[in-house]
Amino acid sequence: MSENGTLIRTKGLRKEFGKGEARVRAVDDVDLSVTRGETIAIMGPSGCGKSTLLHLLGGLERASGGEVELAGTRLDTLGERGLARLRRTAVGFVFQAFHLIDELTARENVELPALLAGRSPREARRRALELLDRVGLADRTTFMPSALSGGQRQRVAVARALSNDPLVVLADEPTGNLDSAATLDVLRLFGNLHRDGQTLVIVTHDPRVAATSDRLITMRDGMFVDETRLTGGTRGNLGALVGLPEMNG
Amino acid sequence: MLAMLAKEPMHGYELRARLRDALGPIGEAMNSGQIYVTLGRLEKAGLATCELEAGQGPDRKVYEVTPAGQQRVAAWLAEVSWPGPAPAEFHLKLVAAAAGRLADPVAIVDAQRRELLRLLRDTQQAALEELPGTDAGLLLEGAALRLQADLRWLEACERHWLGRTGGRS
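Residues numbered from 1 in each chain as written. Chains lettered and ligands numbered in written order. Predicted model: local features only at pLDDT ≥ 70, side-chain atom pairs only at ≥ 80, totals over all residues.

### Some remarks on the overall build of chain B
Next, step 1: For chain B, the helix and strand inventory stands at eight helices and three strands.
Next, step 2: The order of α-helices and β-strands along chain B, N terminus first, is α-β-α-α-α-β-β-α-α-α-α.
Next, step 3: Over its C-alpha trace chain B gives a radius of gyration of 20 Å, far above what one expects of a compact globule, namely 15 Å for 169 residues.
Next, step 4: Viewed in the frame of its principal axes, chain B has a C-alpha envelope of about 70 × 40 × 30 Å.
Next, step 5: Looking at the 169 residues of chain B, the share that counts as buried comes to 28%.
Next, step 6: Sequence separation of at least 24 residues holds for 57% of the intrachain contacts in chain B that already meet a minimum separation of 6. (Helix = DSSP H or I, 4+ residues; strand = E, 2+ residues; numbered from the N terminus. Rg over C-alpha atoms; globule rule 2.2 N^0.38 Å. Buried ≥ 20, exposed ≤ 12 C-beta atoms within 10 Å, placed from the backbone. Contact = placed C-beta atoms within 7 Å.)

This is the structure in structure tokens:
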């Protein structure tokens, strides 16, 4: 276990693609520290390296240099099998395009990671039903993905990501394919997870998603260029924002 | 206007040309009378001074920003209240900051974005506390959509000024 509640830590993390002249530094010397229970949003223009960074944090890709650590385990020095196991049990992924298996029902999609991690079918099923209830889809467990709306599919994907009680949920543009109402549903869900102490790292273009985080990191050209804490309310300004006249006394 | 002037002392007609460059067709509507009236007011307020320049031509008044004026410009550049600045005002802030090397326009965009994201966070939290379908929820949705539009425009500002200044080192 790491000191003072740090869950994720990177030091001088780098990822390069291509060779020679065509070499691109997608992630360039990134130092990041994520505390348990924190929600972090990473924003930046397309191609700034934010998705690559997420992949490095979740062990989907190997770093070109530097260190990345999850709950005290160094991912950069871990063997393939160790990395695969860690991906299955310690990390939950949520993607823009949902990535549900079309041939399986909502419940079966959510069961899958638990089964792959070696849980009994009965236990996996119990857990899946519990999670689908938690994301507000208790009445949709037998539906195929094609019969669900985009927002519902993404909520199934979030339930699936939670299947093995991951240390961290990594989400890549989770609302990229959703309309305004469905976005609000997913944000409400993330808000609940946050309240329950789940650590979340979200890569997004969507300012509404970024605005729900505790800490917002802006990336450009593979580097962190800005970091903002969004906590600390300014409720008082809402009146002015919607055009209410100022009220005195 | 004061910020445009902060780059260097200039004639009224130069200032007008700069404003027209920055504002495009929107700036065409401004006549020189407005410019000189405003310059007169700035002078009276002690934010700018005016000197007669020896030489030819009808317009020989050269305007310059005073130290008090410089302070006012710096405060204006750092100001992040919203919806205080309308698009044109924020736009001119970036143009003036870049032209006069008063501040990094991208840093101004970043500061403004932070402020808008805080507002959006509060709006969103209020919206999430409302049950779907309430009247108040609709008002908050309006506020959130407006902030999103502003944030998208800030993204465009960022791209533009990053390209213009060649990125930050």
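Following the structure, the description resumes.
### Things to note about the overall build of chain A
Next, step 1: What chain A contains, in helices and strands, is eight helices and ten strands.
Next, step 2: The C-alpha radius of gyration computed for chain A amounts to 19 Å, which stays within 12% of the reference 18 Å derived for 249 residues, consistent with globular compactness.
Next, step 3: Considering only C-alpha atoms, chain A reaches an extent of 65 × 55 × 40 Å along its principal axes.
Next, step 4: Counting contacts in chain A only where the partners sit at least 6 residues apart, residues at least 24 apart contribute 68% of the total.

### Notes on the nonpolar core
Next, step 1: Ranked by size, the top nonpolar core spans 71 residues in total, and within it Leu-170 and Val-201 of chain A carry the most contacts.
Next, step 2: Non-local contacts of Leu-170 of chain A, meaning those with residues more than four positions away in its chain, are made with Leu-54, Leu-57, Gly-58, Val-91, Phe-93 and Val-201 of chain A.
Next, step 3: Grouped together as the second largest cluster of nonpolar side chains are 24 residues, Leu-5, Leu-39, Leu-47 and Val-73 of chain B included. (Core = buried A, V, L, I, M, F, W, Y, C linked by C-beta atoms within 7 Å.)

### Quick look at the interface of chain A and chain B
Where interface size is quoted, it is often the accessible area lost as the parts come together.
Next, step 1: At the junction of the two partners, chain A supplies 20 residues and chain B supplies 20 residues.
Next, step 2: Those elements that provide at least two residues to the side of chain A that touches chain B are α6 (180-195), α7 (207-210), β10 (223-229) and α8 (238-241) of chain A.

### Points about the sheet that holds β10 of chain A
All names here are of chain A.
Next, step 1: Within the open sheet, the six strands sit side by side as β6-β7-β8-β3-β9-β10. Their pairing is mixed. Of all strands in the sheet, those with a lone pairing partner are β6 (91-94) and β10, marking the two edges. Put simply, the sheet's adjacent strands are angled 20° from each other on average, direction ignored.
Next, step 2: Taken together, the five bridges between strand β7 (residues 168-172) and strand β8 (residues 199-203) define a ladder with parallel strand orientation. Its bridge partner lying in β8, Val-169 is registered against Leu-200.
Next, step 3: Strands β6 and β7 of the sheet are contacted by helix α5 (residues 150-161), whose axis makes an angle of about 170° with β6. (Pairing = 2+ DSSP bridges. Axes fitted to C-alpha atoms, helices over the stretch in contact; angles between N-to-C directions.)

### Notes on helix α5 (residues 67-78) of chain B
Three or four residues apart is the spacing at which side chains of an α-helix point the same way, because the helix has 3.6 residues per turn.
Residue and element names in this part refer to chain B.
Next, step 1: Between the first and last C-alpha of α5 there are 17 Å, a value that for twelve residues agrees with the 16 Å anticipated at 1.5 Å per step.
Next, step 2: Among the residues making up α5, those that are buried are Gly-69, Arg-72, Val-73 and Leu-77. Along the axis of α5, the buried residues cluster in a sector spanning 135°; they form a single face. Across from the buried face of α5, at angles greater than 90 degrees, the exposed residues are Pro-67, Ala-68, Gln-71, Ala-75 and Ala-78. (Expected span 1.5 Å × (residues − 1). Arc of directions from axis to C-beta.)

### Things to note about the pairing of β7 of chain A
Residue and element names in this part refer to chain A.
Next, step 1: The buried fraction of β7 amounts to five of the five residues, a majority that puts the element mostly inside the structure.
Next, step 2: Going residue by residue along β7, you find Val-168, Leu-170 and Asp-172 tucked away on one face and Val-169 and Ala-171 tucked away on the opposite face as well.
Next, step 3: Of the strand pairs in this sheet, β6 and β7 are connected by four bridges, and their pairing is parallel. Paired with Val-94 across the two strands is Ala-171, which belongs to β7.
Next, step 4: Running through α6, the crossover from β7 to the neighbouring parallel element β8 is right-handed. (Right-handed = clockwise from strand over helix to strand, strands pointing away.)

### A few points about the sheet that holds strand β1 (residues 10-11) of chain B
Residue and element names in this part refer to chain B.
Next, step 1: Here we have three strands laid out as an open sheet, ordered β1-β3-β2, and antiparallel in their pairing. The open sheet is flanked by β1 and β2 (48-52), the only strands paired with a single partner.
Next, step 2: With two bridges connecting them, β1 and strand β3 (residues 61-65) associate as antiparallel partners. If you follow His-11 over to β3, its bridge partner there is Val-62.

### Brief notes about the environment of Val-80 of chain B
Residue and element names in this part refer to chain B.
Next, step 1: Here Val-80 is to be found in the loop between α5 and α6 (87-99).
Next, step 2: Here the alpha-carbon distance between Val-80 and Val-109, two residues 29 residues apart in the chain, equals 9.4 Å.
Next, step 3: Those residues within four positions of Val-80 in sequence are excluded, and the remaining contacts are Ala-111, Gln-112 and Glu-115.

### Structural notes on the packing of helix α2 (residues 12-23) of chain B against helix α4 (residues 32-44) of chain B
Residues and elements named next belong to chain B.
Next, step 1: Two elements in contact, α2 and α4, have axes whose closest approach is 10 Å; the angle formed by their N-to-C orientations is 115°. Every pair of crossing elements has a handedness; the one defined by α2 and α4 is right-handed. On the side of α2, the interface is formed by Gly-12, Tyr-13, Leu-15 and Arg-16, while α4 contributes Ser-32, Ile-35, Tyr-36 and Leu-39.
Next, step 2: Residue composition of the contact of α2 with α4, grouped by class: five nonpolar, two polar and one charged. (Left-handed = near helix turned anticlockwise from the far one by under 90°. Nonpolar A, V, L, I, M, F, W, Y, C, P; charged D, E, K, R; others polar.)

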